[in-house]
Amino acid sequence: MSEPTRRSRMNRRTFLTAAALAVPAIATGARSVRAQTSTELRIATTWPAASGPGRALTAWGASVARRTSNALTLRLYFASSMGTDLDFVRKLERGQLEGALLSSWAMGERNAPLFAVDAPGVCTTYAKLDAVRTGMMSAIHDAFSARELKLMGFSDLGAQRVFARRAIVAPPDMVGTRMWAGAFASSAVNPWQRILTAAGVAGNGATVAEVTTQLQSSLLDAYPATALEAVANGWNTRSTHFTGGFHCLGSTATVVTHRAFNALPATSQVVLLETGAQAHVAMRAAVRRDGDAAVAACVRLGATRVDTTPAQAAWAAVLQAARASLVGRAYSTEELARVEQLAASVP
């Protein structure tokens, strides 16, 4: 073989070897570029993944990923795996989360307009709640914005009832019970503590984690909760009655930090908002549907649904006193007057 031919073949082999070695490097480089151009938003919720709202959130994440070709993804932390709502607030402030579903009561005075929406006894139907939230939208948005949070949408927590080991028809029937006051950072703005105080009842300040044990040991024998919450935690097995009428409707707001939202390309911002709006419609429908199913489950498992209609005026007086006592602590006189006016406009 001539020397030129031998050199030509060696050059060809050298080139092919170098090219083969370069392929993984090129592929690795491509993955690196994709990783650099993909953004993940960490969003926490107390809802379990298998719940109706949890499934709606999962569908939201899938829609975002599909419409952005995975340029934007949602990493969802379910079932309080990142703590309570109050923990979410702190983690948003520290940059440990980009988003969260926050209850109005967890936000407390941090978002007074939203807290006012859920003031005890104001929104007695979901139609009223929807109308009041719409009417307060601008004020709620501005309050979140002042804390560097972008509002994505509203959902529900469900209807708050009283579960007990005896029939609670009127507020005085709670006197003498060992009643949980609900978990709240400050008793000064704890709506259930205010309701119990107005009814002349001393509330137990146990944490959510302690409720099951205290119900089992009879340190507690009554508690406020949604039917969903009672069933999910197994608390309903420790109560024989629950109020048929409910006393508060709770809201949640999904937020994303301004820092995270503003860093997104405009196209991704649009996708997040559009798919988020659809997801929150689905979440509200799921909470309301699943809440009704949980009430039916409580009855099916032997609990008695107590008719509180005969004591409607007594409940209204206690709830009015409770929300009035929160003026200046959780919301202003003007904010409460506005939500009461909006609620009264809906039959």
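See above for the structure.
Counting from 1, residues in each chain are numbered in the order their sequence is written. Under the rules for a predicted model, residues below a pLDDT of 70 receive no local features and side-chain atom pairs below 80 are neither given nor counted, while totals for whole chains, interfaces and linings still include all residues. The side-chain quantities take in all heavy atoms of the structure and omit both hydrogens and water.

### Quick look at the overall build of the protein chain
Thought 1: Only DSSP runs of H or I covering at least 4 residues are called helices, and only runs of E covering at least 2 are called strands; the numbering of each starts at the N terminus. Scanning the protein chain from terminus to terminus reveals 14 helices and 10 strands.
Thought 2: Burial classes follow relative accessibility: with a 1.4 Å probe on protein chains only, a residue under 20% of its type's maximum area counts as buried, one over 50% as exposed, and anything between as partly exposed. Counting across all 347 residues of the protein chain, residues that qualify as buried make up 48%.
Thought 3: Throughout, a contact is declared for two residues whenever any of their heavy atoms are within 4.5 Å. In the protein chain, once contacts between residues fewer than 6 apart in sequence are set aside, the share between residues at least 24 apart is 77%.
Thought 4: For the accessible areas, the method is Shrake-Rupley and the probe is 1.4 Å, while residue cover comes only from the protein chains on display. By element, 57% of the accessible surface of the protein chain is carried by carbon and sulfur atoms, the whole surface being about 16000 Å².

### Some thoughts on the packing of aromatic side chains
Thought 1: A pair of Phe, Tyr and Trp rings is counted when the ring centres sit within 6.5 Å of each other, with Trp represented by its six-membered ring. The angle between the planes then sorts it: under 30 degrees is stacked, over 60 is edge-to-face, the rest tilted. Here the structure, examined in full by the defined rule, presents 5 aromatic pairs.
Thought 2: Relative to Tyr223, the ring of Phe163 lies with its centre 5.3 Å away and its plane at 0°, an arrangement referred to as stacked. Taken together, the residues span a long stretch of sequence, with Phe163 in strand S4 (residues 149–164) and Tyr223 in strand S7 (residues 222–225) at a distance of 60 residues.
Thought 3: Three or more aromatic residues joined by ring pairs form one cluster here, namely Phe163, Trp180, Tyr223, Trp235 and Phe242.

### A look at unusual backbone geometry
Thought 1: Even without being a glycine, Ser69 presents a positive backbone phi close to 55°.
Thought 2: Tracing the chain through its elements places Ser69 in the loop between helix H2 (52–67) and strand S2 (72–77).
Thought 3: Classification of Ser69 by relative accessible area gives exposed; the value is 64%.
Thought 4: Located in the positive-phi region is Ser218, a residue other than glycine, with phi close to 65°.
Thought 5: Within the secondary structure, Ser218 is located in the loop between helix H9 (208–216) and S7.
Thought 6: On the accessibility criterion, Ser218 (31% relative accessible area) is partly exposed.

### Describing the packing of H2 against helix H12 (residues 266–300)
Thought 1: Helix axes use the C-alpha atoms of the stretch in contact, all axes being lines fitted to C-alpha atoms, and the angles between their N-to-C directions lie in the range 0 to 180 degrees. Running from N to C, H2 and H12 point in directions that differ by 165°, and their axes come no closer than 8 Å. In terms of orientation, H2 and H12 fall into the roughly antiparallel class. In the packing of H2 onto H12, the handedness of the crossing is right-handed.
Thought 2: Residue classes follow a fixed rule: Ala, Val, Leu, Ile, Met, Phe, Trp, Tyr, Cys and Pro count as nonpolar, while Asp, Glu, Lys and Arg count as charged, and any other residue, Gly among them, counts as polar. Along the lines of polarity and charge, the residues of the contact of H2 with H12 split into 12 nonpolar, 5 polar and 5 charged. With respect to orientation, any angle under 35 degrees is reported as roughly parallel, any angle over 145 as roughly antiparallel, any angle of 65 to 115 as roughly perpendicular, and every other angle as oblique. Should the near helix be turned anticlockwise from the far one by less than a right angle, the crossing is left-handed, and should it be turned clockwise, the crossing is right-handed.

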